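Fold and contact review
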Amino acid sequence: MPTTTPALAPTAEQAKTTKEIIRKLTYMHYAGKPVDDAISSQFFDNYLNRLDGAKTFFLASDIAEFEPKRLLLDDELKRGDLSTGYAIYNRYQQRVLARISAIQEQLPTLIDSLDLNRKESLLLDRSEQPWPQDAAAADDLWRKLLKSRIVSLQLAGKSDPEIVKLLSKRYQNQFNRVQQSNAEDAFQAYINSLTELYDPHTNYLSPRSSENFNINMRLSLQGIGAVLQQEDEYTKVVRLVPAGPAFKQGELQPSDRIVGVAQGDEELVDVIGMRLDEVVDLIRGPKDSIVHLEVIPVTAKTDDERKLIKIRRDTVKLEEQSAQRKMLNIMHQGNMHKLGVIDLPTFYRNFAVRDINHPDFRSTSYDVMKHVTALQAEGAEGIIIDLRDNGGGSLDEANALTSLFIEAGATVQIRHSNGKVDRAGKNYRSNYFDMPVVVLINRLSASASEIFAGAMQDYKRALIIGSPSFGKGTVQSINDLTQGQLKITESKFYRVSGESTQHRGVVPDILFPSLYDSEKVGESSLEHALPWDTIAAMNLRKYYNLEQAIPTLAQQHQQRVAHDPDFIFMKDRHELADQAKKITHIPLNIADRKALDEEEKNKLLAIENKRRKAKGLSLITDLDELKEEDSKEQAEKTAANEPSNAIDENDPLLNEAGQILLDAMPYYQPQQVAKRPAYAPSM
């Protein structure tokens with residue numbers, strides 16, 4: 001097996017493109033950071049980490065050789081000089097090919113040569129560790145890495161011959177991908193190591209990546225309904241499309257990492273280290289066909305943990321992404337009450353049909369207006385607007401939706417890189433819905449969802465309930481270059497209170513347990529994310545004295561959920577996840593590794609049975625029984641022809657939001673401001 005590949009070299013077009021990117025970053029990016037020595041030093045480290053973040057291929061001698069260039073990269077880029085970037089990339093390729101060749105030679109006898117009963121461990125996070133001092137140190141590190149993978153596969157039930165075959169195929173695929181790398185790959189890796197220092201949403205898109213960007217957008221509407229991105233050698237799930245196949249199936253989660261893909265009953269294809277476009281091609285397929293995904297769950301303690309997910313490909317239908325309504329009958333303090341629920345998966349608008357009277361006209365605000373009107377007619381005392389998992393969409397619709405619930409006023413402020421601030425919202429006084437409202441959000445409520453929730457909170461028009469939102473408060477534009485395109489952050493969203501939605505997100509008035517780890521999901525989990533800050537607040541009307549109510553409402557909420565089995569279960573799961581974060585090393589002894597895995601499964605089983613016992617449900621002996629229950633429940637819904645986007649009236653978070661709304665009813669009294677009549681739309 002050859003251990004070298006022809007050296008890659010930059011092109012004249014890439015040199016010209018580099019100068020264009022430097023100019024745009026300097027003069028167009030919101031942060032306004034110059035390309036100087038400080039950026040050069042960060043760039044140097046970031047590029048090395050992008051190529052070899054686990055510090056398993058480069059040697060300390062390689063880093064020492066390139067160190068003199070640390071403060072010179074900014075000057076080179078301004079000249080369009082890419083020589084250092086390509087030299088580092090070529091060295092990395094050489095190290096990878098040499099390592100894989102050595103592994104392939106060892107594999108036939110590797111398992112017999114390793115002592116799987118030896119007491120030793122592997123450090124999980126090597127990002128703060130030094131690069132191996134020499135070849136001997138690198139060899140010992142790889143001995144441990146391979147031993148860990150072998151132990152993991154043995155615990156998964158693989159025989160020794162199967163393990164050798166699987167690892168051999170995995171490394172051969174990685175070897176082939178390295179040999180297929182071209183100048184476009186090297187340039188994109190180098191330049192994006194610079195652009196992401198400005199913020200994680202500023203990226204260079206090569207001509208091929210621009211095409212794949214559009215493929216990914218189509219993938220989110222046909223296939224499994226997931227938006228993916230590359231993270232190191234893994235394909236990471238960024239978000240799920242509401243009402244998409246993966247969303248409905250329920251097992252795939254944001255920040256899960258896809259490591260294997262199989263078509264129907266075919267053998268899994270290992271996709272670790274595979275290019276994003278290649279993984280996308282494997283996942284996409286004909287409607288109604290089956291794809292199996294092997295993932296490392298976001299909740300996994302180590303990269304050895306695997307989960308197999310079966311998804312039927314389908315096309316997302318617009319009507320399944322539209323707003324839905326339901327009336328909830330809730331017992332509160334001995335009396336039955338009626339509350340309307342509006343579930344809003346995304347902020348949408350059919351721009352192809354502009355006539356509101358056209359039968360195909362659809363928009364978030366128009367549909368919500370009809371739903372609230374109908375719920376009022378049915379006797380709803382208040383409204384719960386459910387924005388959980390709503391990743392955003394049309395900014396205009398976020399403004400229009402807010403306008404349904406306030407008499408007049410701005411919804412959002414937009415500050416541009418030149419300091420200019422624009423405002424958008426309702427510029428005229430008109431009728432509005434004045435009934436009590438709460439807004440339910442979670443970590444996946446982003447962008448337009450945060451603008452709406454933030455405005456409703458700032459106007460004291462609604463209580464915000466749930467967990468802190470995603471925190472994406474930046475706006476990007478696409479700029480053409482000599483070669484490829486630059487997606488660059490040019491402006492930032494601010495609430496009418498002057499607070500940014502960036503990084504911090506919208507913090508609820510009443511907090512629920514979060515189902516997502518904020519260290520892995522959300523803007524604050526991304527390196528180099530722009531910070532939270534403030535600008536001048538606007539003069540705005542405060543509709544209700546909700547601030548006074550919050551301490552009392554929070555106390556009533558805590559008293560209620562202290563004995564609620566579902567809330568106790570969520571708290572237990574959160575504590576279990578926190579315990580897992582404290583694990584820094586995993587054992588390489590097979591008995592100890594098995595014991596660690598069994599301990600985790602037993603803890604999960606214990607808290608599940610604790611919940612079931614409290615609710616009077618039958619106990620289970622294995623976590624696989626939960627999958628069987630879920631499959632049976634889904635089959636029953638399908639047989640009953642229940643819509644896939646039907647609101648679950650047994651949702652504990654939704655019901656508790658209803659209880660809080662009923663607790664808050666006395667506080668929904670207007671402040672000392674004349675109020676116009678309630679909304680009375682003509683239908």
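Residues numbered from 1 in each chain as written. Predicted model: local features only at pLDDT ≥ 70, side-chain atom pairs only at ≥ 80, totals over all residues. Heavy atoms only, no water.

1. Describing the overall build of the protein chain
Summing up its helical and strand segments, the protein chain has 20 helices and 21 strands in all. A compact globule built from 683 residues would reach a C-alpha radius of gyration of about 26 Å, and the protein chain, at 27 Å, matches this within 12%. Within the protein chain, the fraction of its 683 residues that count as buried is 51%. For the protein chain, the accessible surface area stands at approximately 30800 Å², while carbon and sulfur atoms represent 49% of it. If the 85 positive side-chain charges of the protein chain are averaged to one point and the 99 negative ones to another, these points end up 3 Å apart. (Helix = DSSP H or I, 4+ residues; strand = E, 2+ residues; numbered from the N terminus. Rg over C-alpha atoms; globule rule 2.2 N^0.38 Å. Buried < 20%, exposed > 50% of the residue type's maximum accessible area, 1.4 Å probe, protein only. Areas by Shrake-Rupley, 256 points an atom, 1.4 Å probe, with all protein chains shown as cover. Lys, Arg positive; Asp, Glu negative; His and termini not counted. Charge placed at Lys NZ, Arg CZ, Asp CG, Glu CD.)

2. Thoughts on the side chain of R612
Tracing the chain through its elements places R612 in helix α18 (residues 590-614). Contact partners of R612, with chain neighbours within four places excluded, come to L617, S618, L619, I620, L626 and E629. (Contact = heavy atoms within 4.5 Å.)

3. Notes on the nonpolar core
F43, Y47, F58, L77, I150 and L194 are the most contacted members of the largest nonpolar core, which has 62 residues in total. Sorting elements by how many residues they give to this core places helix α5 (residues 83-113) first, with 11 residues. Other than its neighbours up to four places away in sequence, F43 contacts L73, L77, Y190, S193, L194 and L197. (Core = buried A, V, L, I, M, F, W, Y, C linked by side-chain atoms within 4.5 Å.)

4. A word on the pattern of salt bridges
Using the criterion set out here, one finds 41 salt bridges in the structure. When the shortest N-O distance is used, the salt bridge between K571 and E575 registers 2.8 Å. You can see K571 and its partner E575 sitting in helix α17 (residues 565-581), 4 residues apart, about one turn around the helix. Assessed through its relative accessible area of 36%, E575 is described here as partly exposed. The structure contains a network of salt bridges with shared partners spanning R118, E120, D140, R143 and K147. (Salt bridge = Lys/Arg side-chain N within 4 Å of Asp/Glu carboxyl O.)

5. Description of the sheet that holds strand β13 (residues 383-386)
The strand order across the open sheet formed by 6 strands is β11-β12-β13-β16-β17-β20, and the pairing between neighbours is mixed. Of all the strands in the sheet, the pair left with one neighbour each is β11 (324-332) and β20 (510-511). (Pairing = 2+ DSSP bridges.)

6. A word on the packing of aromatic side chains
Throughout the structure, instances matching the rule amount to 14 aromatic pairs. Note on Y544 and Y668: the rings are 5.2 Å apart at their centroids and 65° apart in plane angle, and the pair reads as edge-to-face. Taken together, the positions of Y544 in the loop between β20 and α16 (546-561) and Y668 in the segment after α20 (652-664) put the pair 124 residues apart, joining distant regions of the chain. Members of the aromatic cluster, each reached through a chain of ring pairs, are F57, F58, Y92, W131 and W142. A cation over an aromatic ring shows up here: K33 above the ring of Y198, its NZ or CZ 5.1 Å from the ring centre. R611 extends its terminal NZ or CZ atom over the ring of F569, reaching a point 5.5 Å from the ring centre. (Phe/Tyr/Trp six-rings, centres within 6.5 Å; stacked < 30°, edge-to-face > 60°. Lys NZ or Arg CZ within 6 Å of the ring centre and 35° of its normal.)

7. Description of the pairing of strand β12 (residues 335-343)
Examined bridge by bridge, β11 and β12 share 9 bridges and lie antiparallel to one another. Following the sheet pairing, I330 is matched in β12 by H337. Between β11 and β12, which pair antiparallel and follow one another directly, the connecting turn spans 2 residues, one of which, Q333, has a positive phi of 50°. The pairing of β12 with β13 spans 4 bridges and is classified as parallel. The residue of β13 that forms the bridge with I342 is I385.

8. Topic: the packing of helix α6 (residues 135-155) against α18
Close contact between α6 and α18 brings their axes to 10 Å; oriented N to C, the two are set at 60°. When the interaxial angle is binned, α6 and α18 end up oblique. Crossing of α6 against α18: the hand is right-handed. Contacts between α6 and α18 involve S148, V151, S152, Q154 and L155 on the former and, on the latter, I590, R593, K594 and D597. Residues of the contact of α6 with α18, tallied by class, amount to 3 nonpolar, 3 polar and 3 charged. (Axes fitted to C-alpha atoms, helices over the stretch in contact; angles between N-to-C directions. Parallel < 35°, antiparallel > 145°, perpendicular 65-115°, else oblique. Left-handed = near helix turned anticlockwise from the far one by under 90°. Nonpolar A, V, L, I, M, F, W, Y, C, P; charged D, E, K, R; others polar.)

9. Looking at helix α2 (residues 37-52)
Its 16 residues place the ends of α2 23 Å apart at the C-alpha level, agreeing with the 22 Å of an ideal helix rising 1.5 Å per residue. Summarising the contacts, the buried residues of α2 are in contact with α3 (60-66), α4 (73-78), α5 and α8 (183-195). The N-terminus of α2 is capped by D36, whose side-chain oxygen sits 3.2 Å from the backbone nitrogen of A38. (Expected span 1.5 Å × (residues − 1). Polar contact = N/O pair within 3.5 Å; in protein donor to acceptor, adjacent residues only side chain to side chain.)

10. What to know about the packing of helix α1 (residues 12-28) against α8
For the pair α1 and α8, the least separation of the axes is 12 Å and the interaxial angle reads 15°. For the element pair α1 / α8, the angle class is roughly parallel. Both α1 and α8 take part in a crossing whose hand is right-handed. Within the contact between the two elements, α1 uses Q14, T17, T18, I21, I22 and L25 and α8 uses A183, E184, F187, I191, L194 and T195. Of the residues assigned to the contact of α1 with α8, the class counts are 7 nonpolar, 4 polar and 1 charged.

11. So, the environment of E231
Mapped onto the secondary structure, E231 falls in strand β4 (residues 226-231). By relative accessible area, E231 is classed as partly exposed at 29%. Between the C-alpha atoms of E231 and L276, which are 45 residues apart in sequence, the distance is 9.5 Å.

12. Some remarks on the side chain of N609
The residue N609 is located in helix α18 in this model. Judged by relative accessible area, N609 falls into the buried class, the value being 14%. In this structure N609 touches L619 and I620, once residues within four positions along its chain are discounted.

13. Observations concerning the confidence of the model for the protein chain
Within the protein chain, residue pLDDT values average 88, and 90% of them lie at 70 or more. Note that residues 212-221 has pLDDT below 50 and, in this model, 22 contacts with residues that lie over four places away or in other chains. (pLDDT = per-residue confidence, 0-100.)

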